[in-house]
Amino acid sequence: MTGLFTSYAATAQSATPTTAGPQPTDVLSWLAWGLAAVVLLFGMMTASSLASVVAYSVQEQEGPNEAAPAVSDAAPAAAPTVSVASIPAVPVEQKVAA
């Protein structure tokens, strides 16, 4: 009996695992690395999205100033006027239920 106990104690203290398959610490490590990879991926996607939005907003702010036509002082342009013909009012018959 003591031989079985000492054999078991020696096996439990050995550096090499005797069971096949992943150990619980390996599974937790894989889970932690997988979670870190997902967080890194989402962080990179968020950073690229923010960079795209900033670049687009900078182009929008610079765009109208560059596209505005230059007005010369020699010939001022008159503002165009728009005339809208008045539409005659047509009486509408209203029916009231009694």
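The shown structure was predicted, so the numbers you read here are calculated from the model rather than taken from an experiment.

## Quick word on the overall build of the protein
For the protein, the helix and strand inventory stands at two helices and zero strands. Residues classed as buried in the protein amount to 0% of the 98 residues present. Just so you have it, the protein exposes about 9600 Å², and 68% of that area is on carbon and sulfur atoms.

## Overview of a nonpolar patch on the surface
A contiguous nonpolar surface patch, about 380 Å² in accessible area, is contributed by Val38, Leu41, Phe42 and Met45. Along the chain, Leu41 turns up in helix α2 (residues 24-67).

Reading guide: rules and limits
Residues numbered from 1 in each chain as written. Predicted model: local features only at pLDDT ≥ 70, side-chain atom pairs only at ≥ 80, totals over all residues. Heavy atoms only, no water. Helix = DSSP H or I, 4+ residues; strand = E, 2+ residues; numbered from the N terminus. Buried < 20%, exposed > 50% of the residue type's maximum accessible area, 1.4 Å probe, protein only. Areas by Shrake-Rupley, 256 points an atom, 1.4 Å probe, with all protein chains shown as cover. Patch = residues over 30% accessible without salt bridge, like charges linked within 9 Å, V, L, I, M, F, W, Y side chains within 5 Å. Salt bridge = Lys/Arg side-chain N within 4 Å of Asp/Glu carboxyl O.

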